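Now for the letters of each chain:
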Amino acid sequence: MKKLLVLTLLFLPFFIGCNKNEAPKKVEKTFSTTFDSSDIKTVPLSDATFSSVDLSYGLKKGSVYDYRLTSITNDDQSIVADTSVSQKIKQALTYLLKLSVKDVDKDGVMEIEFIFSSVKLDASGNGQSFSYQSGRKLSNDEKSRYADYEAIINNPFTARVAPKGEILEFFRTDRIANKLLELKGLKDSVSMEEKKMLQQQISEGALRPLLTQVFRKLPDQQVKKDSSWTLTNPPVQLPFFEMTNTLQFRITGFEKYHDDNLAVLDAGLTSKYKISERAKQAKVTVKSPSYSGEGKIYFNLSKGLVERSKTNLYLSIEMSMNTPSRTGGMQKVTQKQITKTTNILELL
(Lines give C-alpha, C1' and ligand atoms only; values in the text may rest on other atoms or scores of the structure.)
Protein backbone atom coordinates (compact mmCIF):
# COMPACT_ATOMS: atom_id res chain seq x y z
CA MET A 1 0.00 0.00 0.00
CA LYS A 2 1.23 3.49 -0.75
CA LYS A 3 2.90 5.56 1.90
CA LEU A 4 0.56 7.97 3.50
CA LEU A 5 1.72 11.15 5.15
CA VAL A 6 -0.32 13.30 7.47
CA LEU A 7 1.05 16.09 9.58
CA THR A 8 -1.38 17.57 12.09
CA LEU A 9 -0.51 20.48 14.31
CA LEU A 10 -2.08 19.83 17.71
CA PHE A 11 -1.71 22.29 20.55
CA LEU A 12 -2.84 21.36 24.04
CA PRO A 13 -4.17 24.42 25.84
CA PHE A 14 -3.14 24.93 29.43
CA PHE A 15 -3.90 27.36 32.17
CA ILE A 16 -1.64 27.88 35.14
CA GLY A 17 -2.67 30.12 38.01
CA CYS A 18 -0.24 32.83 39.03
CA ASN A 19 0.20 35.03 41.99
CA LYS A 20 0.37 38.80 41.86
CA ASN A 21 4.12 38.72 41.19
CA GLU A 22 3.93 36.37 38.20
CA ALA A 23 3.11 37.21 34.59
CA PRO A 24 0.12 35.34 33.16
CA LYS A 25 1.05 32.24 31.19
CA LYS A 26 0.28 32.27 27.48
CA VAL A 27 -2.51 29.90 26.50
CA GLU A 28 -1.84 28.06 23.25
CA LYS A 29 -4.66 27.74 20.73
CA THR A 30 -6.09 24.30 20.06
CA PHE A 31 -6.89 23.21 16.50
CA SER A 32 -8.89 20.24 15.32
CA THR A 33 -7.74 17.86 12.60
CA THR A 34 -11.29 17.81 11.18
CA PHE A 35 -11.16 19.60 7.84
CA ASP A 36 -13.78 21.83 6.25
CA SER A 37 -14.20 21.30 2.49
CA SER A 38 -16.85 23.99 1.98
CA ASP A 39 -16.21 27.42 0.51
CA ILE A 40 -15.74 30.20 3.03
CA LYS A 41 -18.61 32.66 3.54
CA THR A 42 -17.67 35.88 1.77
CA VAL A 43 -19.37 39.03 0.52
CA PRO A 44 -18.72 40.03 -3.11
CA LEU A 45 -17.09 43.42 -3.65
CA SER A 46 -17.94 45.64 -6.59
CA ASP A 47 -15.72 45.46 -9.65
CA ALA A 48 -14.72 49.07 -9.03
CA THR A 49 -13.25 48.28 -5.60
CA PHE A 50 -9.86 47.36 -7.05
CA SER A 51 -8.54 48.68 -10.33
CA SER A 52 -5.45 46.49 -9.91
CA VAL A 53 -3.63 44.68 -7.10
CA ASP A 54 -0.21 43.28 -6.33
CA LEU A 55 -0.34 39.64 -5.30
CA SER A 56 2.57 39.19 -2.90
CA TYR A 57 3.27 37.42 0.36
CA GLY A 58 3.72 40.00 3.09
CA LEU A 59 4.15 38.12 6.35
CA LYS A 60 5.39 40.31 9.21
CA LYS A 61 8.39 39.57 11.40
CA GLY A 62 7.26 38.07 14.70
CA SER A 63 3.91 36.90 13.28
CA VAL A 64 2.65 33.34 13.77
CA TYR A 65 0.20 31.56 11.47
CA ASP A 66 -1.46 28.15 11.66
CA TYR A 67 -2.63 26.10 8.69
CA ARG A 68 -4.49 22.84 8.24
CA LEU A 69 -3.67 20.95 5.04
CA THR A 70 -5.72 17.91 4.08
CA SER A 71 -5.02 15.57 1.18
CA ILE A 72 -7.67 13.03 0.15
CA THR A 73 -6.71 10.43 -2.46
CA ASN A 74 -8.75 7.80 -4.27
CA ASP A 75 -6.60 5.46 -6.35
CA ASP A 76 -7.83 2.66 -8.64
CA GLN A 77 -5.27 0.32 -10.20
CA SER A 78 -5.58 -2.83 -12.28
CA ILE A 79 -3.26 -5.26 -14.03
CA VAL A 80 -4.71 -7.42 -16.78
CA ALA A 81 -2.79 -10.43 -18.13
CA ASP A 82 -3.71 -14.14 -18.04
CA THR A 83 -5.36 -13.17 -14.75
CA SER A 84 -6.61 -9.82 -13.52
CA VAL A 85 -5.66 -8.03 -10.32
CA SER A 86 -7.21 -4.78 -9.09
CA GLN A 87 -7.00 -2.66 -5.98
CA LYS A 88 -8.71 0.44 -4.69
CA ILE A 89 -6.95 2.63 -2.16
CA LYS A 90 -8.47 5.49 -0.20
CA GLN A 91 -6.50 7.70 2.11
CA ALA A 92 -7.01 10.90 4.07
CA LEU A 93 -4.06 12.89 5.40
CA THR A 94 -4.30 15.95 7.59
CA TYR A 95 -1.45 18.31 8.36
CA LEU A 96 -1.48 21.04 10.98
CA LEU A 97 1.39 23.43 10.41
CA LYS A 98 2.68 26.39 12.43
CA LEU A 99 4.60 29.19 10.70
CA SER A 100 6.71 31.60 12.77
CA VAL A 101 8.25 34.51 10.84
CA LYS A 102 11.75 35.01 12.21
CA ASP A 103 12.97 37.74 9.88
CA VAL A 104 12.12 39.72 6.75
CA ASP A 105 14.98 41.30 4.81
CA LYS A 106 14.99 44.55 2.81
CA ASP A 107 13.85 42.68 -0.34
CA GLY A 108 10.87 41.15 1.46
CA VAL A 109 12.40 37.66 1.63
CA MET A 110 10.97 35.91 4.69
CA GLU A 111 12.83 33.54 6.99
CA ILE A 112 10.17 31.25 8.41
CA GLU A 113 10.32 28.46 10.98
CA PHE A 114 7.91 25.59 10.33
CA ILE A 115 6.72 23.02 12.84
CA PHE A 116 4.61 19.94 12.22
CA SER A 117 3.45 18.84 15.65
CA SER A 118 1.05 16.02 14.82
CA VAL A 119 0.25 13.57 12.04
CA LYS A 120 -3.08 11.88 11.36
CA LEU A 121 -3.68 9.16 8.81
CA ASP A 122 -6.69 7.08 7.79
CA ALA A 123 -6.43 4.64 4.89
CA SER A 124 -8.13 1.59 3.43
CA GLY A 125 -7.51 -0.76 0.55
CA ASN A 126 -8.18 -4.34 -0.50
CA GLY A 127 -10.39 -4.99 2.49
CA GLN A 128 -7.89 -3.66 5.02
CA SER A 129 -7.80 -0.39 6.88
CA PHE A 130 -5.31 1.27 9.16
CA SER A 131 -4.69 4.58 10.86
CA TYR A 132 -1.88 6.51 12.45
CA GLN A 133 -1.98 9.35 14.95
CA SER A 134 1.21 10.95 16.15
CA GLY A 135 1.55 11.21 19.90
CA ARG A 136 0.12 7.76 20.52
CA LYS A 137 2.25 5.04 22.07
CA LEU A 138 3.76 2.90 19.31
CA SER A 139 5.56 -0.41 19.26
CA ASN A 140 9.09 -0.52 17.86
CA ASP A 141 7.73 -2.05 14.64
CA GLU A 142 5.19 0.76 14.32
CA LYS A 143 7.85 3.40 14.95
CA SER A 144 9.88 1.97 12.09
CA ARG A 145 6.83 1.63 9.82
CA TYR A 146 5.77 5.24 10.43
CA ALA A 147 9.29 6.64 10.69
CA ASP A 148 8.69 9.16 7.90
CA TYR A 149 5.96 10.75 9.99
CA GLU A 150 7.52 10.37 13.41
CA ALA A 151 10.73 12.04 12.23
CA ILE A 152 9.07 15.36 11.45
CA ILE A 153 6.86 15.68 14.53
CA ASN A 154 7.88 18.69 16.62
CA ASN A 155 11.13 18.90 14.66
CA PRO A 156 11.32 22.53 13.46
CA PHE A 157 13.06 23.49 10.24
CA THR A 158 13.50 26.80 8.44
CA ALA A 159 12.97 28.02 4.88
CA ARG A 160 13.51 31.31 3.07
CA VAL A 161 10.54 32.38 0.95
CA ALA A 162 10.47 35.20 -1.61
CA PRO A 163 7.54 37.68 -1.74
CA LYS A 164 6.24 36.01 -4.92
CA GLY A 165 6.05 32.61 -3.24
CA GLU A 166 9.26 30.97 -4.42
CA ILE A 167 10.78 28.74 -1.74
CA LEU A 168 14.46 29.62 -2.03
CA GLU A 169 16.17 27.21 0.37
CA PHE A 170 15.74 25.00 3.42
CA PHE A 171 17.74 25.00 6.65
CA ARG A 172 17.98 22.77 9.74
CA THR A 173 16.57 19.64 8.13
CA ASP A 174 19.47 17.65 9.63
CA ARG A 175 17.44 16.99 12.78
CA ILE A 176 14.67 15.38 10.74
CA ALA A 177 17.25 13.23 8.93
CA ASN A 178 18.87 12.20 12.23
CA LYS A 179 15.51 11.19 13.72
CA LEU A 180 14.56 9.23 10.61
CA LEU A 181 17.83 7.31 10.66
CA GLU A 182 17.43 6.62 14.38
CA LEU A 183 13.92 5.23 13.93
CA LYS A 184 15.09 3.05 11.04
CA GLY A 185 18.05 1.78 13.05
CA LEU A 186 20.54 3.27 10.60
CA LYS A 187 21.99 6.12 12.65
CA ASP A 188 25.50 4.65 12.82
CA SER A 189 25.61 3.01 9.39
CA VAL A 190 25.43 5.92 6.92
CA SER A 191 28.22 8.19 5.75
CA MET A 192 28.18 11.97 5.99
CA GLU A 193 27.64 12.16 2.23
CA GLU A 194 24.67 9.77 2.41
CA LYS A 195 23.20 11.85 5.22
CA LYS A 196 23.48 15.01 3.12
CA MET A 197 21.69 13.24 0.26
CA LEU A 198 18.93 12.21 2.67
CA GLN A 199 18.52 15.81 3.84
CA GLN A 200 18.16 16.88 0.20
CA GLN A 201 15.54 14.19 -0.41
CA ILE A 202 13.61 15.29 2.67
CA SER A 203 13.69 18.96 1.61
CA GLU A 204 12.74 18.46 -2.03
CA GLY A 205 10.72 15.24 -1.93
CA ALA A 206 8.69 15.71 1.27
CA LEU A 207 8.77 19.28 2.56
CA ARG A 208 8.65 21.33 -0.65
CA PRO A 209 5.50 19.62 -2.05
CA LEU A 210 3.70 20.40 1.21
CA LEU A 211 4.85 24.01 1.50
CA THR A 212 3.96 24.80 -2.12
CA GLN A 213 0.33 24.44 -1.06
CA VAL A 214 0.90 27.37 1.30
CA PHE A 215 3.29 29.37 -0.89
CA ARG A 216 2.18 29.43 -4.50
CA LYS A 217 4.16 31.27 -7.15
CA LEU A 218 2.49 34.60 -7.89
CA PRO A 219 2.74 36.87 -10.96
CA ASP A 220 5.29 39.68 -11.03
CA GLN A 221 2.90 42.15 -12.64
CA GLN A 222 -0.13 43.95 -11.21
CA VAL A 223 -3.39 42.08 -11.84
CA LYS A 224 -7.10 42.86 -11.85
CA LYS A 225 -10.40 41.04 -12.36
CA ASP A 226 -10.18 38.59 -15.29
CA SER A 227 -6.38 38.82 -15.36
CA SER A 228 -4.84 35.44 -16.19
CA TRP A 229 -1.35 33.97 -16.23
CA THR A 230 0.38 30.63 -16.61
CA LEU A 231 3.37 28.93 -15.01
CA THR A 232 5.12 26.01 -16.69
CA ASN A 233 6.97 23.66 -14.36
CA PRO A 234 10.17 21.81 -15.29
CA PRO A 235 9.52 18.43 -16.97
CA VAL A 236 8.89 15.48 -14.64
CA GLN A 237 10.84 12.37 -15.59
CA LEU A 238 8.77 9.20 -15.13
CA PRO A 239 9.93 5.66 -15.97
CA PHE A 240 8.44 5.54 -19.47
CA PHE A 241 7.51 9.11 -20.33
CA GLU A 242 8.24 12.74 -19.58
CA MET A 243 5.46 15.06 -18.47
CA THR A 244 5.42 18.86 -18.55
CA ASN A 245 2.75 20.55 -16.43
CA THR A 246 1.37 24.05 -16.93
CA LEU A 247 -0.54 25.85 -14.17
CA GLN A 248 -3.21 28.35 -15.18
CA PHE A 249 -4.71 31.08 -13.00
CA ARG A 250 -7.44 33.68 -13.45
CA ILE A 251 -8.82 36.26 -11.03
CA THR A 252 -12.60 35.91 -11.00
CA GLY A 253 -13.27 38.76 -8.58
CA PHE A 254 -12.73 40.30 -5.14
CA GLU A 255 -14.62 39.46 -1.95
CA LYS A 256 -14.84 40.47 1.69
CA TYR A 257 -14.10 37.92 4.42
CA HIS A 258 -14.63 39.30 7.94
CA ASP A 259 -12.53 42.50 7.81
CA ASP A 260 -10.17 41.33 5.05
CA ASN A 261 -10.21 41.73 1.28
CA LEU A 262 -9.67 38.60 -0.80
CA ALA A 263 -8.75 37.99 -4.42
CA VAL A 264 -10.50 34.87 -5.73
CA LEU A 265 -8.53 32.79 -8.21
CA ASP A 266 -9.62 29.94 -10.43
CA ALA A 267 -6.77 27.47 -10.88
CA GLY A 268 -6.22 24.85 -13.56
CA LEU A 269 -3.56 22.41 -14.68
CA THR A 270 -2.83 20.84 -18.06
CA SER A 271 -0.02 18.55 -19.12
CA LYS A 272 1.86 17.36 -22.19
CA TYR A 273 3.77 14.12 -22.38
CA LYS A 274 6.64 12.69 -24.37
CA ILE A 275 7.36 8.95 -24.61
CA SER A 276 10.88 8.13 -23.43
CA GLU A 277 13.51 6.16 -25.34
CA ARG A 278 13.41 3.61 -22.54
CA ALA A 279 9.76 2.88 -23.32
CA LYS A 280 10.49 2.50 -27.02
CA GLN A 281 13.40 0.15 -26.36
CA ALA A 282 11.32 -1.94 -23.97
CA LYS A 283 8.41 -1.88 -26.44
CA VAL A 284 6.10 -0.40 -23.83
CA THR A 285 2.95 1.18 -25.22
CA VAL A 286 1.87 4.25 -23.25
CA LYS A 287 -1.71 5.25 -24.01
CA SER A 288 -2.37 8.98 -23.68
CA PRO A 289 -1.33 9.77 -20.09
CA SER A 290 -3.54 12.47 -18.65
CA TYR A 291 -2.82 14.78 -15.74
CA SER A 292 -5.16 17.69 -15.10
CA GLY A 293 -6.51 19.80 -12.31
CA GLU A 294 -8.88 22.55 -11.25
CA GLY A 295 -9.72 24.45 -8.10
CA LYS A 296 -10.19 27.73 -6.28
CA ILE A 297 -7.76 29.82 -4.23
CA TYR A 298 -8.65 32.68 -1.87
CA PHE A 299 -5.69 35.04 -1.50
CA ASN A 300 -5.95 37.41 1.45
CA LEU A 301 -4.82 40.82 0.20
CA SER A 302 -5.00 42.35 3.68
CA LYS A 303 -2.66 39.78 5.26
CA GLY A 304 -0.59 38.86 2.24
CA LEU A 305 -1.14 35.09 2.29
CA VAL A 306 -3.46 32.30 1.12
CA GLU A 307 -6.62 32.24 3.22
CA ARG A 308 -7.99 29.01 1.79
CA SER A 309 -7.72 26.80 -1.27
CA LYS A 310 -9.28 23.64 -2.63
CA THR A 311 -7.84 21.91 -5.68
CA ASN A 312 -8.50 18.62 -7.45
CA LEU A 313 -5.89 16.66 -9.40
CA TYR A 314 -6.72 13.86 -11.83
CA LEU A 315 -4.22 11.30 -13.13
CA SER A 316 -4.91 8.60 -15.71
CA ILE A 317 -2.28 6.22 -17.11
CA GLU A 318 -2.50 3.07 -19.21
CA MET A 319 0.55 1.08 -20.30
CA SER A 320 0.91 -2.24 -22.10
CA MET A 321 3.81 -4.54 -22.93
CA ASN A 322 4.47 -8.15 -23.89
CA THR A 323 6.06 -10.36 -21.24
CA PRO A 324 6.74 -14.12 -20.92
CA SER A 325 3.75 -16.06 -19.60
CA ARG A 326 3.79 -18.77 -16.97
CA THR A 327 2.78 -21.36 -19.56
CA GLY A 328 5.39 -20.36 -22.11
CA GLY A 329 5.19 -17.93 -24.98
CA MET A 330 4.35 -14.26 -24.61
CA GLN A 331 1.38 -12.45 -23.14
CA LYS A 332 0.16 -8.87 -23.21
CA VAL A 333 0.11 -7.17 -19.81
CA THR A 334 -1.88 -3.97 -19.38
CA GLN A 335 -1.65 -1.75 -16.31
CA LYS A 336 -4.17 1.03 -15.64
CA GLN A 337 -4.22 3.67 -12.93
CA ILE A 338 -6.81 6.36 -12.22
CA THR A 339 -6.18 8.69 -9.28
CA LYS A 340 -8.04 11.69 -7.89
CA THR A 341 -6.43 13.81 -5.19
CA THR A 342 -8.17 16.69 -3.38
CA ASN A 343 -6.02 19.16 -1.45
CA ILE A 344 -7.67 21.52 1.04
CA LEU A 345 -5.70 24.30 2.74
CA GLU A 346 -7.24 26.32 5.60
CA LEU A 347 -5.81 29.24 7.54
CA LEU A 348 -6.85 28.69 11.15
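Residues numbered from 1 in each chain as written. Predicted model: local features only at pLDDT ≥ 70, side-chain atom pairs only at ≥ 80, totals over all residues. Heavy atoms only, no water.

*Asks:* When you look at empty space enclosed by the protein in this model, what are you seeing that I'm missing?
*Replies:* Summary: where empty space remains is shown by rolling a probe the size of a single water molecule over the atoms. Going through the model one piece at a time under the given rule, you end up with three cavities of 30 Å³ or more. Taken as a whole, the largest cavity encloses approximately 70 Å³ of empty space. Forming the boundary of the largest cavity are Tyr 57, Arg 216, Lys 217, Leu 218, Trp 229, Phe 249, Leu 265, Ile 297, Phe 299 and Val 306. Per-class residue counts for the lining of the largest cavity are eight nonpolar, no polar and two charged. (1 Å grid on protein atoms, 1.4 Å probe; cavity = no way out; pocket = protein on both sides within 12 Å on 5 of 7 lines; lining within 4 Å. Points joined across faces, edges and corners; volume = space filled by probe spheres on them. Nonpolar A, V, L, I, M, F, W, Y, C, P; charged D, E, K, R; others polar.)

*Asks:* Looking at this model, I keep getting lost on the side chain of Ser 71. Mind explaining?
*Replies:* Looking at where Ser 71 falls in the secondary structure, it is placed in strand E2 (residues 64-80). Polar contacts involving the side chain of Ser 71 include one to the side chain of Asn 343, which spans 3.0 Å. Apart from the residues within four sequence positions on either side, Ser 71 is in contact with Gln 91, Ala 92, Leu 93, Thr 341, Thr 342 and Asn 343. (Helix = DSSP H or I, 4+ residues; strand = E, 2+ residues; numbered from the N terminus. Polar contact = N/O pair within 3.5 Å; in protein donor to acceptor, adjacent residues only side chain to side chain. Contact = heavy atoms within 4.5 Å.)

*Asks:* I would appreciate a short explanation of the confidence of the model for the protein in the present structure.
*Replies:* Of the residues in the protein, 92% reach a pLDDT of 70 or more, and the chain-wide mean stands at 88. A low-confidence stretch, residues 1-24 (pLDDT under 50), is modelled with 84 contacts involving residues beyond four sequence positions or located in other chains. (pLDDT = per-residue confidence, 0-100.)

*Asks:* Would you mind showing me how to read the packing of aromatic side chains here?
*Replies:* Aromatic rings considered in pairs are described by the distance between their centres and by the relative angle of their planes. One pass over the full model with this rule turns up 12 aromatic pairs. Look at Tyr 132 and Tyr 149: their rings are 5.2 Å apart centre to centre, the planes differ by 45°, and that puts the pair in the tilted class. Of this pair, Tyr 132 sits in strand E5 (residues 128-133) while Tyr 149 sits in helix H2 (residues 147-150); the two residues are 17 residues apart in sequence, bridging distant segments of the chain. When the ring of Phe 157 is compared with that of Phe 170, the centres are 6.3 Å apart and the planes differ by 40°; the resulting orientation is tilted. Of the two residues, Phe 157 is situated in strand E6 (residues 157-161) and Phe 170 in strand E7 (residues 167-171); the sequence distance between them amounts to 13 residues. Through a chain of ring-to-ring contacts, three or more aromatic side chains come together here, namely Tyr 57, Tyr 95, Phe 114, Phe 116, Phe 157, Phe 170, Phe 215 and Phe 299. Between Arg 278 and the ring centre of Phe 240, over which it is positioned, the NZ or CZ distance is 5.1 Å. (Phe/Tyr/Trp six-rings, centres within 6.5 Å; stacked < 30°, edge-to-face > 60°. Lys NZ or Arg CZ within 6 Å of the ring centre and 35° of its normal.)

*Asks:* Quick question: what am I supposed to make of the packing of helix H3 (residues 174-183) against helix H4 (residues 192-214) here?
*Replies:* Two quantities define a packed helix pair, namely the angle between the helix axes and the distance between the axes. The geometry of H3 relative to H4 is characterised by a closest axis approach of 9 Å and an angle of 105° between their N-to-C directions. One way to sum up the angle between H3 and H4 is to call them roughly perpendicular. Contacts between H3 and H4 involve Asp 174, Ile 176, Ala 177, Asn 178, Leu 180 and Leu 181 on the former and, on the latter, Lys 195, Leu 198, Gln 199, Ile 202 and Leu 207. Along the lines of polarity and charge, the residues of the contact of H3 with H4 split into seven nonpolar, two polar and two charged. (Axes fitted to C-alpha atoms, helices over the stretch in contact; angles between N-to-C directions. Parallel < 35°, antiparallel > 145°, perpendicular 65-115°, else oblique.)

*Asks:* Please clarify how the pattern of salt bridges should be interpreted in this entry.
*Replies:* A side chain with one charge can pair with a side chain of the opposite charge if their charged atoms come near. All told, the structure shown has 18 salt bridges when counted by the stated rule. Here Asp 39 and Lys 296 are joined by a salt bridge, their closest N and O atoms 4.0 Å apart. Note that Asp 39 is positioned in the segment before strand E1 (43-44) and Lys 296 in strand E13 (residues 290-300), a separation of 257 residues in sequence. The exposure class of Lys 296 is partly exposed, given its relative accessible area of 29%. A salt bridge links Asp 66 to Lys 98; its shortest N-O distance comes to 3.4 Å. Highlighted residues: Asp 66 in strand E2 and Lys 98 in strand E3 (residues 84-104), separated in sequence by 32 residues. Here Asp 66 falls in the buried class, since its relative accessible area comes to 8%. A residue is classified by how much of its surface remains accessible, and Lys 98, at 13% relative accessible area, is buried. In this structure, a network of salt bridges that share partners links the residues Asp 36, Arg 68, Arg 308 and Glu 346. (Salt bridge = Lys/Arg side-chain N within 4 Å of Asp/Glu carboxyl O. Buried < 20%, exposed > 50% of the residue type's maximum accessible area, 1.4 Å probe, protein only.)

*Asks:* So what exactly am I meant to see when it comes to the pairing of strand E14 (residues 305-324) here?
*Replies:* Both faces of the sheet carry side chains from a regular strand, because those side chains alternate between them. Taken together, the two bridges between strand E12 (residues 285-286) and E14 define a ladder with antiparallel strand orientation. What sits directly across from Val 286, in E14, is Met 319. Pairing analysis gives 11 bridges linking E13 to E14, with the strands arranged antiparallel. Looking across to E14, one finds that Gly 295 is bridged to Thr 311. Hairpin connection between E13 and E14: a loop of four residues separates the two successive antiparallel strands, and Gly 304 in this loop has a positive phi of roughly 75°. Note that E14 and strand E15 (residues 330-347) share 17 bridges and pair antiparallel. Note on E15: the bridge partner recorded for Leu 313 is Thr 341. Hairpin geometry of E14 and E15 is characterised by an intervening segment of five residues between the two adjacent antiparallel strands and by a positive phi of about 95° at Gly 328. (Pairing = 2+ DSSP bridges.)

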